[in-house]
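Here is how the chains run, residue by residue.
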Amino acid sequence: ADGHGKYRWIRRCAIGSVLVVRPGEKVPIDGEVISGESTLNTAALTGESKPRFVHPGSEIISGCVNGDGLLKLRTTKLYGESTVARSWTWWKIPA
């Protein structure tokens, strides 16, 4: 996989969709790695300073930053149910 393809609005991404996450990009939606190996920086979400190694079969959460590998993932949640969407709602201030 060369990482090229069409861009989609992530809020319209169905469960089971296959996405490419390039090196340095944030994981846009929760899913399972179906090809590729890399490390993920999860510090902003979990506080863990050590990168997490991922490979096919690994479950990954949105909001992590991909290291130096190209990953293909199959989405396991809708955007509104993803880790990133839930974490952003925690910071909303009531009017």
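The present account deals with the structure reproduced in this document. (Residues numbered from 1 in each chain as written. Predicted model: local features only at pLDDT ≥ 70, side-chain atom pairs only at ≥ 80, totals over all residues. Heavy atoms only, no water.)

Quick look at the nonpolar core
Of all hydrophobic cores here, the largest spans 13 residues; its most connected members are V27, I29, L40, V54, I60, L71 and L73. Secondary-structure elements contributing two or more residues to this core are β1 (18–21) and β7 (71–75). Setting aside chain neighbours within four positions, we find L71 in contact with L19, V20, V21, V33, S35, G36, E37, S38, L40, V54 and N66. (Core = buried A, V, L, I, M, F, W, Y, C linked by side-chain atoms within 4.5 Å. Buried < 20%, exposed > 50% of the residue type's maximum accessible area, 1.4 Å probe, protein only. Helix = DSSP H or I, 4+ residues; strand = E, 2+ residues; numbered from the N terminus. Contact = heavy atoms within 4.5 Å.)

Points about the pattern of salt bridges
Taken as a whole, this structure holds two salt bridges when the rule is applied. K77 serves as the salt-bridge partner of D30, at 3.5 Å between the closest nitrogen and oxygen. Note that D30 is positioned in the loop between β1 and β2 (31–35) and K77 in the loop between β7 and α2 (83–89), a separation of 47 residues in sequence. Relative accessible area serves as the criterion here: at 3%, D30 is assigned to the buried category. (Salt bridge = Lys/Arg side-chain N within 4 Å of Asp/Glu carboxyl O.)

Examining the pairing of β7
Covered by surrounding structure in β7 are L71, L73 and T75 only, the residues K72 and R74 on the alternate face being uncovered. Bridge count between β1 and β7: four bridges; the pairing is antiparallel. Directly across from V18, in β7, lies its bridge partner R74. Where β2 meets β7, four bridges bridge the pair, whose relative direction is antiparallel. Bridging from a neighbouring strand, E32 pairs with R74 of β7. (Pairing = 2+ DSSP bridges.)

Describing the pairing of strand β3 (residues 38–41)
Within a regular beta strand, the side chains point alternately toward one face of the sheet and then the other, so they alternate between its two faces. The side-chain alternation of β3 yields one buried face, formed by S38 and L40, and one unburied face, formed by T39 and N41. The pairing of β3 with strand β6 (residues 65–66) spans two bridges and is antiparallel. Paired with L40 across the bridge in β6 is N66.

Focus: the sheet that holds strand β5 (residues 59–60)
The four strands lie next to each other as β1-β7-β2-β5, forming an open sheet whose pairing is antiparallel. Both outer strands of the open sheet, β1 and β5, are each paired with one neighbouring strand and no more.

Concerning the side chain of T75
Within the fold, T75 resides in strand β7. A distance of 2.7 Å separates a polar atom in the side chain of T75 from the backbone oxygen of A14. (Polar contact = N/O pair within 3.5 Å; in protein donor to acceptor, adjacent residues only side chain to side chain.)

Details of the sheet that holds β3
What the three strands build is an open sheet, ordered β4-β3-β6; its pairing is antiparallel. Of all the strands in the sheet, just β4 (52–54) and β6 have a single pairing partner and so form its edges. Judged from the three bridges that link them, β3 and β4 form a sheet pairing that is antiparallel. The partner of L40 across the bridge, within β4, is R52.

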